[in-house]
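Chain by chain, the residues run as shown.
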Amino acid sequence: MNPIITVSVKSATRCMGAAWLVLLLGLTGAFEARAADVIGLVKTSKGSVSIERGGQKINAASGAKLYQSDQVLTGEDGAVGMTFVDNSRLSLGANSTLALEKFRFNTTTHEGEFVSAVKRGTLAAVSGKIARQTPEAMQVRTPSAILGVRGTKFVVEVPE
Amino acid sequence: MKTFNPLSAFALALLLSACAGKDLFVVLPHEDGSVGSVVVRQNGRDIVLDKANSAIKAGDGKSFTIASKDVDQRFGTALTGLPPAARSYVLYFKEGTVILEPDSGPVMEAMRKDVTSRTAGEIMVIGHTDKVGKVADNDELAFTRALSVGDVLVASGIARDTVMIAGRGEREPLVPTDDEVEEPRNRRVEISVR
């Protein structure tokens, strides 16, 4: 949706400026719509990889969008790599399940929260802007522990 | 069929108990060799891992160092799947305008090559200001600058749905200064490609 604005035109130069403003505000709407809900993208997808969302299972090819509350699953031959809007990077090995439980990120202040849970399998991760701004605002949970991230690369394994 | 061997049954049981149900956490060095840290919290206890290959198994009270070949064996597939790190390109404007400096052409070209070389490549355009003026005004200015660059990118053929716009205002100066100090190098737009 584009915002409606009225501009009183006083001169030709100002008119040019107003035209730009209209164009820019129009674009703002289009750019922002995406930032509001998509939290990341699938970048690499090998073998069987799927996303469980609202009780439905979707095939997750590279380019697939990720949302809060999604669950990402890999099969026996599967592997998946993802990037998130705070530039954090996560990937899963075979036979793995990761729940993207909570994600919020303010692109101006970098405040946010990223909570995911490894249900089974292997996870590799490099933290991003959320953990850099607020140590331990990025958390990875497993059935037995909670990992708070203070800006680093790490791996987690949850055996079957 | 083999006859039952109590010794091998015992060895199998040992092996199974060693493998069963123990979550493993490992901190790894970044590509540049630097190491951050994680805190592993279980049963109300915190254990900090802050050295390369520092590891802990759930339920254990002590960390240990895991061999790199064990990391590769267990996590090779996941590690191979990690997408490449984001990379930033910085553009400057002619003083007080949204017109890019003439030497920004090669930077734009390098950025474009980078984004097209990545699978499902994306761009985050981030505006930055110096510390002159109010924080809120600088947020708006930073966003407006980022927006104008986003517009240029889309006009030059980059798909709009791969571009995100952000304004960091005066929070992330390239050159640290006191408040209200003019610093042209801080008035910039960063294009982060991931």
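Residues numbered from 1 in each chain as written. Chains lettered and ligands numbered in written order. Predicted model: local features only at pLDDT ≥ 70, side-chain atom pairs only at ≥ 80, totals over all residues.

A separate point is the overall build of chain A. In terms of helices and strands, chain A carries two helices and 12 strands. Burial status across chain A gives 44% buried among its 160 residues. Sequence-distant contacts in chain A: of pairs separated by 6 or more residues, those separated by 24 or more amount to 50%. (Helix = DSSP H or I, 4+ residues; strand = E, 2+ residues; numbered from the N terminus. Buried ≥ 20, exposed ≤ 12 C-beta atoms within 10 Å, placed from the backbone. Contact = placed C-beta atoms within 7 Å.)

Now for the overall build of chain B. Broken down by element type, chain B carries four helices and nine strands. Here chain B, with 194 residues, has 30% of them falling under the buried criterion.

Here the focus is the interface of chain B and chain A. Listed by partner, the interface residues are 51 residues for chain B and 48 residues for chain A. Of all the elements in the fold, those that place two or more residues in the side of chain B that touches chain A are β1 (24-28), β2 (37-42), α2 (68-80), α4 (135-155) and β8 (163-169) of chain B. Here the side of chain B that touches chain A gets seven residues from one element, more than from any other, and that element is β8(B). Of the residues belonging to the side of chain B that touches chain A, the class tally is 26 nonpolar, 14 polar and 11 charged. Bridge analysis of strand β12 (residues 153-158) of chain A against β1(B) gives five bridges, and the strand direction is antiparallel. Of the residues in β1(B), the one forming a bridge with A:Lys153 is B:Leu28. (Nonpolar A, V, L, I, M, F, W, Y, C, P; charged D, E, K, R; others polar. Pairing = 2+ DSSP bridges.)

What follows is about the nonpolar core. Within the largest apolar cluster, 73 residues are counted, with the highest numbers of intra-cluster contacts made by A:Leu123, A:Val156, B:Phe25, B:Val125 and B:Ala146. If near-sequence neighbours (up to four positions away) are discounted, B:Ala146 is found in contact with B:Val125, B:Ile126, B:Gly127, B:Ile165, B:Ala166, B:Gly167 and B:Val189. (Core = buried A, V, L, I, M, F, W, Y, C linked by C-beta atoms within 7 Å.)

A separate point is the pairing of strand β5 (residues 71-74) of chain A. Residues and elements named next belong to chain A. Note: strand β2 (residues 49-53) against β5, four bridges, orientation antiparallel. Looking across to β5, one finds that Glu52 is bridged to Gln71. When β5 meets strand β8 (residues 97-105), the two strands line up antiparallel, connected through three bridges. Its bridge partner being in β8, Leu73 is matched across the sheet by Thr97.

Quick look at the sheet that holds strand β7 (residues 123-128) of chain B now. Residues and elements named next belong to chain B. Strand order in the open sheet formed by four strands is β6-β9-β7-β8, with mixed pairing between adjacent strands. The sheet terminates laterally at β6 (87-92) and β8, the two strands that pair on one side only. For this sheet, the mean angle separating the axes of adjacent strands, direction not counted, is 20°. Bridge analysis of β7 against strand β9 (residues 188-193) gives six bridges, and the strand direction is antiparallel. In the sheet register, Ile126 faces β9, and the bridge partner there is Glu190. Contacts between helix α3 (residues 104-117) and the sheet are confined to β6, β7 and β9, with β6 contributing the most and set at about 155° to the helix. (Axes fitted to C-alpha atoms, helices over the stretch in contact; angles between N-to-C directions.)

Moving on, we come to α2(B). Compared with an ideal rise of 1.5 Å per residue, which puts 13 residues at 18 Å, α2(B) spans 14 Å between its outermost C-alpha atoms and falls more than 12% short. Of all the bends in α2(B), the greatest measures close to 65° and is centred on B:Arg74. Within α2(B), burial applies to B:Phe75, B:Thr77 and B:Ala78. Where α2(B) is buried, its residues touch β6 (79-84), β7 (89-92), β9 (112-126) and β12 of chain A. (Expected span 1.5 Å × (residues − 1). Bend = angle between axes of the 7 residues up to and from the residue.)

Taken as a whole, chain A shows an average pLDDT of 85; of its residues, 78% reach a score of 70 or greater. In the model, residues 1-29 of chain A has pLDDT below 50 throughout and makes 19 contacts with residues more than four positions away in sequence or in other chains. (pLDDT = per-residue confidence, 0-100.)

For the rest of this paragraph, the subject is the pairing of β7(B). All names here are of chain B. Across the six residues of β7, six count as buried, placing the element largely inside the fold. A two-sided burial pattern is seen for β7, the buried positions comprising Ile123, Val125 and Gly127 on one face and Met124, Ile126 and His128 on the other. Pairing between β7 and β8: six bridges, direction parallel. Residue pairing for β8: Ile123 is matched across the bridge by Val163. For the crossover from β7 across α4 to β8, the handedness is right-handed. (Right-handed = clockwise from strand over helix to strand, strands pointing away.)

Within the element layout of this structure, B:Gly150 appears in helix α4. Note: C-alpha distance between B:Gly150 and B:Ala78 (72 residues apart in sequence) is 33 Å.

Here we come to the environment of B:Ile158. All names here are of chain B. When you line up the elements, Ile158 lands in the loop between α4 and β8. C-beta crowding within 10 Å serves as the criterion here: with 18 such atoms nearby, Ile158 is assigned to the partly exposed category. For the pair Ile158 and Glu122, spaced 36 residues apart in the sequence, the C-alpha separation amounts to 9.7 Å. In this view, Ile158 contacts Ile123, Leu153 and Val163; residues no more than four positions away in its chain are not counted.

Negative phi is the rule for most residues except glycine; trans is the rule for most peptide bonds. Even without glycine at this site, A:Asn87 takes up a positive phi of about 75°. Counting through the fold element by element, A:Asn87 comes out in the loop between β6 and β7. Here A:Asn87 falls in the buried class, since 20 other C-beta atoms lie within 10 Å of it. Located in the positive-phi region is B:Asn53, a residue other than glycine, with phi close to 65°. Looking at the secondary structure, you find B:Asn53 in the loop between β3 (45-49) and β4 (54-57). On the neighbour-count criterion, B:Asn53 (17 C-beta atoms within 10 Å) is partly exposed.

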